[in-house]
Amino acid sequence: MRIVLPLMIFVALVAAAAYIGAQFTPGEWYATLHRPPLAPPNWIFGPVWTVLYLCIAIAAFLMWRSPNEKRRLPATMLWCCQLTLNALWSWLFFGLERPGVALIEIMVLLVMCIATMRMFLTIRKSAGLLFLPYVVWVSFATYLNAGFWFLNR
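Within each chain, residues carry numbers counting from 1 in the order of the written sequence. With pLDDT at 70 or above as the cut-off, local features in this predicted model cover only qualifying residues; side-chain atom pairs require 80 or more to be listed or tallied, and sums for whole chains, interfaces and linings still use all residues. Here the side-chain values reflect all heavy atoms present in the structure, with hydrogen atoms and water set aside.

This paragraph deals with the packing of helix 4 (residues 69-95) against helix 6 (residues 125-151). Contact geometry of helix 4 with helix 6 gives a least axis separation of 13 Å together with a crossing angle of 30°. One finds that helix 4 runs roughly parallel with respect to helix 6. Here helix 4 runs over helix 6; the crossing is left-handed. Together, Trp79, Gln82, Asn86, Trp89 and Phe93 of helix 4 and Phe131, Tyr134, Asn145 and Phe148 of helix 6 make up the contact between the two elements. Axes, fitted as lines to C-alpha atoms, cover a helix only where it is in contact. Angles between the N-to-C directions of the axes lie from 0 to 180 degrees. Numbering of helices and strands starts at the N terminus; helices are DSSP runs of H or I of at least 4 residues and strands are runs of E of at least 2. The cut-offs work like this: below 35 degrees is roughly parallel, past 145 is roughly antiparallel, 65 to 115 is roughly perpendicular, and the gaps in between are oblique. Helix crossings get a hand from a simple test, with the near helix turned counterclockwise from the far one by less than a right angle marking a left-handed crossing and a clockwise turn marking a right-handed one. In what follows, a contact means two residues having at least one pair of non-hydrogen atoms within 4.5 Å.

A word on the pattern of salt bridges. Basic side-chain nitrogens of Lys or Arg form a salt bridge, by our definition, when they fall within 4 Å of a carboxyl oxygen of Asp or Glu. Here the structure, examined in full by the defined rule, presents 1 salt bridge. Across the pair Glu69 and Arg72 runs a salt bridge, and its minimum N-O distance is 3.5 Å. Of this pair, Glu69 and Arg72 both sit in helix 4, separated by 3 residues, roughly a single helical turn.

This part covers the nonpolar core. By nonpolar core we mean a set of buried residues, namely Ala, Val, Leu, Ile, Met, Phe, Trp, Tyr and Cys, connected to one another through side-chain atoms within 4.5 Å. We call a residue buried when its accessible area falls under 20% of the maximum for its residue type, exposed when it is over 50%, and partly exposed in between, using a 1.4 Å probe and counting protein chains only. One finds Trp79, Phe93, Phe120, Phe131 and Tyr134 to be the most contacted residues of the largest nonpolar core, which totals 43 residues. Looking at this core, the elements that each hand over two or more residues are helix 1 (4-22), helix 3 (45-64), helix 4, helix 5 (99-123) and helix 6. At 11 residues, the largest contribution of residues to this core is made by helix 5. If near-sequence neighbours (up to four positions away) are discounted, Phe120 is found in contact with Ala59, Ala60, Met63, Ala75, Trp79, Lys125, Ala127, Gly128 and Phe131.

Here the focus is helix 6. Under the convention used throughout, the expected extent of a helix is 1.5 Å for every residue step, that is, one less than its residue count. Look at helix 6: 39 Å from first C-alpha to last across 27 residues, which is about the 39 Å you get at 1.5 Å a residue. Bend at a residue means the angle formed by two fitted axes: the first through the 7 residues ending at that position, the second through the 7 residues beginning there. Of all the bends in helix 6, the greatest reaches close to 25° and is centred on Leu132; the proline Pro133 follows between one and four positions later.

Further remarks concern the packing of helix 3 against helix 4. The contact between helix 3 and helix 4 brings their axes to 10 Å, and the two run at 165°. As far as their axial angle goes, helix 4 and helix 3 are roughly antiparallel. As helix 3 runs across helix 4, the sense of the crossing is left-handed. Facing Trp49, Tyr53, Ile56, Ala57, Ala60, Met63 and Trp64 of helix 3, the residues of helix 4 in contact are Arg72, Ala75, Thr76, Trp79, Gln82 and Asn86. Split into classes, the residues belonging to the contact of helix 3 with helix 4 amount to 9 nonpolar, 3 polar and 1 charged. Each residue gets one label: Ala, Val, Leu, Ile, Met, Phe, Trp, Tyr, Cys and Pro are nonpolar, Asp, Glu, Lys and Arg are charged, and the others, such as Gly, are polar.

Have a look at this one:
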């Protein structure tokens, strides 16, 4: 149980963030926007985020299982910050329909993701590497957000 409980907690936290983000999905407003080059079809986001959310949870679990107890709390705090920003972005972009504000927020999210990945790499390499696809995707999402903002000002 000592091993399973932290995994369940991290999965539950990620699921909560995913649930919050899912409350704000593309709607009529989004369908009217000019799309930036390389914007994927909407159906791709669900499968991609499912895999990424699993990676985010497992990365946190692996970091938590590290014997380096001193670094776990700061790493977990970074992880929680990026997860909160992750959930917030959907509300800003889709809920409030504010791509400019969402762009600023996603740039902060990207910095937090990179910081979390770097810290995870110093604690447990596999945890940091599991964050890499997420960092790449958030980088791409930042490009898309910037494109939506620029093309639809």
